[in-house]
Amino acid sequence: MIRNKMRKIFLALFSVSVCVWLIQVHADNVPQAIPFSQDWSTNLITTNDDWSPVPGIEGYLGQDITTGTGVDPQTLLTTSTATNDLDVIANQSNPNTLTSGGVAEFDGIPNPVVALQGSGTADAPYLIFYLNTTTTGNNYINVSYNVRDIDGSNDNAVQQVALQYRVGNTGDFINLPKGYIPDATTGPGQATLVTPVSVTLPAAARNKPLVQVRVITSNAPGSDEWIGIDDINITATSQPAPNRTNVDFNGDGRSDWVVARNEGSLLRWYIQINGETTSSAVQFGLATDKPVPADYDGDGITDIAVWRETGNPEPDRSYFYILRSSTNTFQAEMFGTQGDNPAIVGDYDGDGKADVAVFRSNDSSGACGTNSSVWYYRPSSQPGVDFLYECWGLPGDFPAPGDFDGDGRNDFAVQRNEAGIGVFYLKKSAGGSEVIQWGAPTDVFIPGDYDGDGKTDFCVRRTVGSTYNYFILTRTGGGTGATPIVWGINTDISAPGDYDGDGKTDIAVFRPNTDPTQNFFYVRRSTNATLLPFEWGQQGDLVPASFQVR
């Protein structure tokens, strides 16, 4: 009897202790359902370095993520390995005098907020939002917040702020260029600037049990200023963020490793997702088809697609065949004819979907008279319209596809040989035209946004001896100038894309080799100009990333 009574007492005490333990489990890093918001109007943080009263948010010092000052936080993609990196200074009331740096809660100011400040210890302080997006189904996730300058001291720092995300709790973060603020502060002696940020996460963040979103700054030169991260509002939206990243087959904003192989006269696509162990092999198309991968359904994910120059049942017509990633269904579009160039596929109507399109050099159909080149496209936003066209170019011109004015619509550009000089003629979708002298007429146009401003730049590749030389002219007038970037050898296949996820096109090549273990993609990271190699494919493979390379 005594034994049973003691056993009941033990079980009761055990149950109480378990309940207490469950109550004490920190809620700070538990993924929160969408919608999720936080405006700091309630005094949640009362103890230094204790985030447990704040659902789904934590702050960190970011120790040793970088050791420099003034480093662009968009390039800082790792987490700190230092012990005791979790950080918050509680119950603060004067950002003008607090110089410790890191993360602080200012509940003693008229509009309370949690803020970040870089320092010699807080090399790259940041906040993480922990999200569970499984309840949103196939909807996309919009992240919005206000970045507030709350520091009215005499400090006048250039306080950069970046927005990043990752799926799961391991691996590098992926930068979201649209969330970047070059300087979130004014001063000295001013604290009124509020910079709103609103970014829709890439498709890869949909329907995941854990998505981490990070707002990060870095240690600025001189004395840093406090910047508040306020009015956080994370919601579901049916509208995806337009994704023009080349060959991004999971929608995470990074180009993937992709080859297409002739197997028994059929085309098989081998896709290795960048940064993951996930790979797939998809049979789609004939060996004679031309790969034309793009986001035709507007879901933020590149679709597998081919262009067949001679089709059935119309042997004199051509066909686009598309495997839609949003529904895993087949789409056939009869468009173009023999001799056309399908490399100009792009979004010509600005609806976030790639339109089927072809370039016809020296068109004799009469659409633009004689001695003209014509751009034909079918606007996906106008289902009843069979095609639209633009007369732009002369016979012998090469098309240079892209959105050169950054308005979300493809423009019309050609590369022309004029007395041994390379000249680009650009007709902008919003109106107006430009003439740009760049490169030699034998240079190869490599489309891409090399500075991350949302506009296609003029990049040409020149073979010098046995090497590739790249000359870049950005739309802001920057670039390489006359000093090229040397990358690759003359047997490589160009494979432009954003492989490091920083919103800028990386110079990249695929190098085939008879040795099946020595076929590599070689990427020059735009973040730091270092080599990113990846073994994939074999000799004879097509490289879909090169489909718009002339």
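(A) Structural view of the environment of Y522. Relative to the helices and strands, Y522 is located in strand β34 (residues 520-524). Distance in space between the C-alpha atoms of Y522 and G187 is 44 Å, their sequence separation being 335 residues.

(B) Examining the domain arrangement of the chain more closely. Here the chain is described as being made up of domain 1 (32-237) and domain 2 (257-535). When each unit is reduced to the centre of its C-alpha atoms, the spacing between domain 1 and domain 2 is 37 Å. Looking only at domain 1, the three residues that lose the most surface to domain 2 are Y140, P177 and A203, adding up to 45% of its buried area. At the surface where domain 1 touches domain 2, the tally comes to zero salt bridges. Where domain 1 touches domain 2, the interface holds one residue pair in polar contact (both at pLDDT 80 or more).

(C) The sheet that holds strand β14 (residues 257-263), seen in detail. The three strands lie next to each other as β14-β15-β16, forming an open sheet whose pairing is antiparallel. With one partner strand each, in any of the chains shown, β14 and β16 (279-286) form the two edges of the open sheet. Across the sheet, the mean angle from the axis of one strand to that of its neighbour is 25 degrees, orientation sign disregarded. Of the pairings in the sheet, the one linking strand β15 (residues 266-272) to β16 comprises six bridges and is antiparallel in character. If you follow L266 over to β16, its bridge partner there is L286.

(D) How the structure looks around empty space enclosed by the protein. For the coordinates displayed, the defined rule picks out one cavity of 30 Å³ or more. Lining the largest cavity are I446, Y450, Y470, S494, A495, P496, T505, D506, I507 and A508. Residues belonging to the lining of the largest cavity are distributed by class as follows: seven nonpolar, two polar and one charged.

(E) Representation of the sheet that holds strand β33 (residues 507-511) within the structure. The four strands are arranged β32-β33-β34-β35 in an open sheet whose pairing can be described as antiparallel. Looking at which strands have only one partner, the edges of the open sheet turn out to be β32 (493-494) and β35 (531-535). Bridging between β34 and β35 involves five bridges; their strand directions are antiparallel. In the strand pairing of β35, R524 is matched with L531.

What counts and what doesn't
Residues numbered from 1 in each chain as written. Predicted model: local features only at pLDDT ≥ 70, side-chain atom pairs only at ≥ 80, totals over all residues. Heavy atoms only, no water. Helix = DSSP H or I, 4+ residues; strand = E, 2+ residues; numbered from the N terminus. Domains from an automatic or database assignment. Buried area = accessible area lost by both parts, 1.4 Å probe. Salt bridge = Lys/Arg side-chain N within 4 Å of Asp/Glu carboxyl O. Polar contact = N/O pair within 3.5 Å; in protein donor to acceptor, adjacent residues only side chain to side chain. Pairing = 2+ DSSP bridges. Axes fitted to C-alpha atoms, helices over the stretch in contact; angles between N-to-C directions. 1 Å grid on protein atoms, 1.4 Å probe; cavity = no way out; pocket = protein on both sides within 12 Å on 5 of 7 lines; lining within 4 Å. Points joined across faces, edges and corners; volume = space filled by probe spheres on them. Nonpolar A, V, L, I, M, F, W, Y, C, P; charged D, E, K, R; others polar.

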